[in-house]
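For reference, the chains in residue letters:
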Amino acid sequence: MADGEPLQYAAMAEHSYDPQSVELRAQAWWRDNQSFRATEDAGRQKYYCLSMFPYPSGKLHMGHVRNYTIGDVISRYQRMLGRNVLQPMGWDAFGLPAENAAIQNRVPPAKWTYENIDVMRGQLKRLGYAYDWDREVTTCSPEYYRWEQWFFTRLFRKGLAYKKNAVVNWDPVDQTVLANEQVIDGRGWRSGAVVERREIPQWFLKITDYAQELLDSLDQLTGWPEAVKTMQRNWIGRSQGVEIVFPVADGGESLKVYTTRPDTIFGVTFMAVAAEHPMVAPVAERDPEVARFVEECRQGAITEADIETMEKKGLPLGLEAVNPLNGERIPIWVGNFVLMSYGTGAVMGVPGHDQRDWEFARRFGLPVAPVVRPADGSDPGIDQAAYEDKGVLYNSGEFDDLEFQEAFDAIAERLERDDRGERRVNFRLRDWGVSRQRYWGCPIPIINCPVCGPVPVPDDQLPVVFPEVTQLEAGLDRARLTESFMRTTCPECGGPAERETDTFDTFVESSWYFARYTSPGCETGMVDGRADHWLPVDQYIGGIEHAVLHLLYARFFHKLMRDEGLIHSDEPFTRLLTQGMVLNEIFYRKSADGRIQYFNPAEVEVRADEKGARTAVLASDGGPVESAGIGTMSKSKNNGVDPQRLIDRYGADTVRLFMMFASPPEQTLDWNDDAVAGSFRYLRRLWSLVQNHADLIANAPESPGGKDLDPELQAIRTTTHDILDRVCRDYERHQFNTVVAACMELTNLLEKHDWQAGGESGASVLREAVTILLKVLAPVVPHICHVLWERLAFQGGLLDAAWPEVDRQALVRESVVMVVQVNGKRRAEIEVPSGAADDGVREAALANPRVQHHVQGKSVRKCIVVPDKLVNLVVG
């Protein structure tokens, strides 16, 4: 036994790998040494690694495990490179699920939420993640959202927060506004109720004031996936166009329309307005058919994506607009495909050059007037479909024969001269509606005064906290349950007033949590000077489903905080990794009435006959079930895998290893129970390899040298450093699956050699190889590597061991194996001295019997040599 070796290691070495005891030991060491506590250190390069924080549902799922394991591997690797690493964790704890659970279970949402947090925190700790728990953030805590309210009051005073009536997605069952992404096929994502379009007062943040900067600074984000940046560019949607004024015939307020195609203005044959447009209501009052249509629209889609796919409907309003360039009268329709929340709530219908308008015109018998044709003068072919390309104008009066840009400029100048339009840069992006009608959320810190209007709550009265209720009921303004809370005095005039009852959308909390982690315990504001030490986040990890909204809102909030003087960087996240989904098979039964019941794969037995045909039966009753193929793990499809079950069976390191080995981080991961067991078998082999040679390794010289090694040991050392070289590159590329594969390759190599017969040189080579193996595996499976490192009595803790360096001299081989191709086809392999001259390589290739067979009777026209790798003989 090595000097100072704890007695329990003697017992440990006599037994096979026991992940539970190994992991408890490692975690106790990390806890006792406060290993993951981060402090600001100007003398070391900082590295802030962050995974998107979870909603505390009460149980981790495999998506969580994959996300957080990726982040932990990166954090531990960066720490071993010598960087000062911050990796925090917290909880996105407000939201409708907790409120619904509280209503259903008749418990306060805070109780339900904090109990779930306790469970999930324990699961995260069990997985060994290197989090600084002293920085834990819980967004439903008044200590957190106090500063969110504080910030909002400043945005309000600067005019960046305002309230106005807006058409929203209204869920009549959950009694709340839904974001567009929470409306699926016209129904609420949680209740399943048909969503209504309703106009109610809403609070907004003026993200449109930052639209251009949000767009421009995407070019700075070189560490982001191009796909994500493209999605954000499309969401912001910058366009250059013209706002055109169409007078309404026989009086009335003019219609304003924004278009990027003013060159088609002579092809306008109808106008369409949203059901909520001001000119519709008077018509609906006297026309029951229009009134019914408006009500139908209230039940319809409110997102652009839904509108693209739904049936386009409309009714004429009996009103006409006047084309400002040719004076033609144009009928005005109300259409279900026009949204009041986008643009001016009115569009010009150009059936000849817009496919949606073409289909609408064909359905309702409206004229189709072509005004643009291809540059070659050919027929635009509008009888079959709209001609949407840019081309040359015709049927356009004085603008005939102009190409697109010439026509754009000429028509814009004419409209501006006649005071009937102006050129504008427009954005698809709309101001961010942050109001939600929920109890379980951050109260908006506004007092509504009948004299002064909305007034921000003074700083010394923050945080505003809703009174705790023991039993919730679905409905609006739940805070009205407590009149004493509602009634207050206006901070400006001292008169009676009422508190705002809306709460913030939970995207607000998640838009600045990354900054709060940098300043734990700060009592002077959202953050303090420590924020500039850690920000921006060096590596952010999360799902691609957050590519637009969360990431866009976080970027916006970061710029708001910068402009308030709280931080001094422009962007929150330097690099972004979007991990792929975890997939599993979906099994179900369909009943006679069409209802579908899903069964977890763990409940299903899959059998195959002698021909390989699969059948699946439910284990409990033996009855058949159907497979719907592979899909993303989800509660709705009941195809999730409980990570706790796997941790209890195999240990945290096995789960971590499988997650990193099964697939590159950006790609989807197909779940495979057998592969999980395979990861466990590998860790047992690693355990045995080190334990069986522990004394030999512990007492071996640290440096194996290299010049006096026999060829076999030299080859092992060369392969070890070749693998290390590959591993270093793959860690930098976040290709952790190939890192694990390389470690398995090295393990296989070390297992095959008889180390007991190798003497001192062999022991030294083994010590070096095992040291490298444990170091490069430690970020992935930290528990087993920590304990084996201690077992070998190596100096210092593995957590802070320096990353191994590649010995370039060890990579120099006396001979190399080269592939020989004949006319591009692989025919043989030859061993030649490393760095051999081309002539020598050619001679060795032609001397190979297999090569001779393929060149016999032919002349060698060319010999192409790739040094130390490949030789290609071109014969004929």
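Residues numbered from 1 in each chain as written. Predicted model: local features only at pLDDT ≥ 70, side-chain atom pairs only at ≥ 80, totals over all residues. Heavy atoms only, no water.

Each helix and strand counted, the protein has 28 helices and 37 strands in total. Projected onto its principal axes, the C-alpha coordinates of the protein cover approximately 105 × 85 × 65 Å. Burial statistics for the protein: of 876 residues in total, 54% are counted as buried. When contacts within the protein are restricted to residue pairs at least 6 apart in sequence, long-range pairs at least 24 apart make up 72% of them. Accessible surface, the protein: about 38700 Å² in total, of which carbon and sulfur atoms supply 47%. (Helix = DSSP H or I, 4+ residues; strand = E, 2+ residues; numbered from the N terminus. Buried < 20%, exposed > 50% of the residue type's maximum accessible area, 1.4 Å probe, protein only. Contact = heavy atoms within 4.5 Å. Areas by Shrake-Rupley, 256 points an atom, 1.4 Å probe, with all protein chains shown as cover.)

Looking now at the nonpolar core. In terms of nonpolar packing, the biggest core is built from 183 residues, with Trp432, Phe514, Met526, Phe557, Met561, Trp671 and Ile784 touching the most fellow members. Residues in contact with Phe514, not counting those within four places in the same chain, are Tyr48, Leu50, Leu535, Val537, Ala554, His558, Pro572 and Phe573. Core analysis: the next-biggest nonpolar cluster, separate from the first, contains 42 residues, Met271, Leu317, Val334 and Ile382 among them. (Core = buried A, V, L, I, M, F, W, Y, C linked by side-chain atoms within 4.5 Å.)

Our focus in this paragraph is the side chain of Ser51. Assignment of secondary structure puts Ser51 in strand β1 (residues 46-51). For Ser51, a relative accessible area of 4% gives the class buried. Other than its neighbours up to four places away in sequence, Ser51 contacts Asn67, Tyr68, Gly71, Tyr513, Tyr540 and Ile541.

Turning our attention to the packing of aromatic side chains. Evaluated as defined, the whole model comprises 42 aromatic pairs. For the ring pair Tyr17 and Trp687, a centre distance of 5.7 Å and an interplane angle of 40 degrees mean the geometry is tilted. In this pair, Tyr17 sits in the loop between α1 (7-13) and α2 (19-32) while Trp687 sits in helix α21 (residues 673-692), placing the two residues 670 residues apart along the sequence. Both residues of the pair, Tyr17 and Trp687, belong to the buried class. One aromatic cluster in this structure is built from Phe151, Tyr210, Trp432, Phe507, Tyr553, Phe556 and Phe557. It is Arg373 that lies over the ring of Tyr394; its NZ or CZ is 4.7 Å from the centre. Sitting over the ring of Phe404, Lys390 keeps its end group 4.2 Å from the ring centre. (Phe/Tyr/Trp six-rings, centres within 6.5 Å; stacked < 30°, edge-to-face > 60°. Lys NZ or Arg CZ within 6 Å of the ring centre and 35° of its normal.)

With that out of the way, let us pick up the pattern of salt bridges. The final tally for this structure, using the stated rule, is 54 salt bridges. Where Asp800 meets Arg79, a salt bridge forms, and the shortest distance between an N and an O atom there is 2.8 Å. One end of the pair, Asp800, is in the loop between α26 (782-791) and β34 (815-822); the other, Arg79, is in helix α3 (residues 62-80), with 721 residues separating them in the sequence. The partly exposed category is assigned to Arg79, whose relative accessible area is 21%. Residue Arg589 pairs with Asp621 through a salt bridge whose shortest N-O separation is 2.9 Å. Of this pair, Arg589 sits in strand β28 (residues 582-590) while Asp621 sits in the loop between β31 (614-618) and β32 (626-632); the two residues are 32 residues apart in sequence, bridging distant segments of the chain. Residues joined by salt bridges that share partners form a network here, namely Glu213, Arg555, Lys559, Arg562, Asp563, Asp570 and Glu571. (Salt bridge = Lys/Arg side-chain N within 4 Å of Asp/Glu carboxyl O.)

Let us now look at the sheet that holds strand β14 (residues 329-335). Spatial ordering of the open sheet is given by β13-β14-β12-β15, a layout of four strands whose pairing is mixed. Of all strands in the sheet, those bounded by a partner on one side alone are β13 (314-322) and β15 (346-349). Each strand axis lies, on average, 30 degrees off the axis of its neighbour in the sheet, ignoring direction. Direction of pairing for strand β12 (residues 270-273) relative to β14: parallel, over a ladder of three bridges. Each residue of the ladder has a partner; that of Ala272, found in β14, is Trp333. Each of β13 and β14 is contacted by helix α10 (residues 288-298), which is oriented at about 110 degrees to β13, the strand it contacts most. Against the sheet, helix α12 (residues 355-364) contacts β12, β13, β14 and β15, and its axis sits at roughly 75 degrees relative to β15. (Pairing = 2+ DSSP bridges. Axes fitted to C-alpha atoms, helices over the stretch in contact; angles between N-to-C directions.)

Turning to the confidence of the model for the protein, a few remarks are in order. Segments scoring low in pLDDT should not have their predicted coordinates read at a detailed level. Averaged over the protein, the pLDDT score is 91; the fraction of residues at 70 or greater is 95%. When the criterion is pLDDT under 50, residues 1-14 qualifies, and its contacts beyond four places in sequence or with other chains add up to 16 contacts. (pLDDT = per-residue confidence, 0-100.)

Turning our attention to the pairing of β1. Along a regular strand, successive side chains alternate from one face of the sheet to the other. For β1, a buried count of six out of six residues is recorded, marking the element as mostly surrounded by other parts of the structure. A two-sided burial pattern is seen for β1, the buried positions comprising Lys46, Tyr48 and Leu50 on one face and Tyr47, Cys49 and Ser51 on the other. Inspection of the sheet shows β1 paired to strand β2 (residues 84-86) by three bridges, in the parallel sense. Within the sheet, the bridge partner assigned to Tyr47 lies in β2 and is Val85. Following the backbone out of β1, through α3 and into the adjacent parallel β2, one traces a crossover that is right-handed. For β1 and strand β26 (residues 537-543), the ladder comprises three bridges, and the chain directions are parallel. Each bridged residue has a counterpart across the sheet, and for Ser51 the counterpart in β26 is Ile541. (Right-handed = clockwise from strand over helix to strand, strands pointing away.)

In a beta sheet, neighbouring strands are held together by backbone hydrogen bonds and run either parallel or antiparallel to one another. The sheet built from four strands is open, its strands ordered β6-β5-β9-β19 with antiparallel pairing. Every interior strand has two partners, whereas the edge strands, β6 (176-178) and β19 (432-433), have only one. Alignment of strand β5 (residues 161-171) against β6, held across three bridges, turns out to be antiparallel. If you follow Asp171 over to β6, its bridge partner there is Thr176.

Our next topic: the environment of Thr222. When you line up the elements, Thr222 lands in the loop between α7 (211-216) and α8 (226-236). Using a relative accessible area of 73% as the deciding quantity, one classes Thr222 as exposed. Each C-alpha atom, one on Thr222 and one on Ser636, is 37 Å from the other, the two residues being 414 residues apart in sequence.

Attention now moves to the environment of Ser35. Turning to its location among the elements, Ser35 is positioned in the loop between α2 and β1. Ignoring any residue separated from it by four or fewer positions in sequence, one finds Ser35 in contact with Trp29, Trp30, Arg79 and Leu799.

Inspection of the secondary structure assignment puts His783 in helix α26. Ignoring any residue separated from it by four or fewer positions in sequence, one finds His783 in contact with Val22, Glu23, Ala26, Gln27, Trp30, Arg126, Leu127, Gly128, Ala652 and Asp653.

The next point concerns the packing of helix α25 (residues 759-777) against α26. Remark: α25 packs on α26, axes separated minimally by 9 Å, with the N-to-C direction vectors making an angle of 150 degrees. Between α25 and α26, the interaxial angle falls into the category roughly antiparallel. Crossing of α25 against α26: the hand is left-handed. Judged by residue contacts, Thr771, Leu774, Lys775 and Leu777 of α25 engage Cys785, Leu788 and Trp789 from α26. Looking at side-chain class alone, the contact of α25 with α26 contains five nonpolar, one polar and one charged residues. (Parallel < 35°, antiparallel > 145°, perpendicular 65-115°, else oblique. Left-handed = near helix turned anticlockwise from the far one by under 90°. Nonpolar A, V, L, I, M, F, W, Y, C, P; charged D, E, K, R; others polar.)

Okay, the packing of α21 against α26 next. To characterise two packed helices, one gives the angle between the axes of the helices and the distance between these axes. Two numbers describe how α21 lies on α26: the axes approach to 10 Å, and their chain directions differ by 10 degrees. Comparing the axis directions of α21 and α26 gives the class roughly parallel. For the pair formed by α21 and α26, the contact residues are Leu683, Leu686, Trp687, Val690 and Gln691 on the first element and Ile784, Val787, Leu788 and Arg791 on the second.

Let us now look at α8. Listed in full, the buried residues belonging to α8 are Val228, Lys229, Gln232 and Ile236. All buried residues of α8 lie within an arc of 95 degrees about the axis, which places them on one face of the element. Backbone geometry just after α8 places Gly237 at a positive phi near 60 degrees. (Arc of directions from axis to C-beta.)

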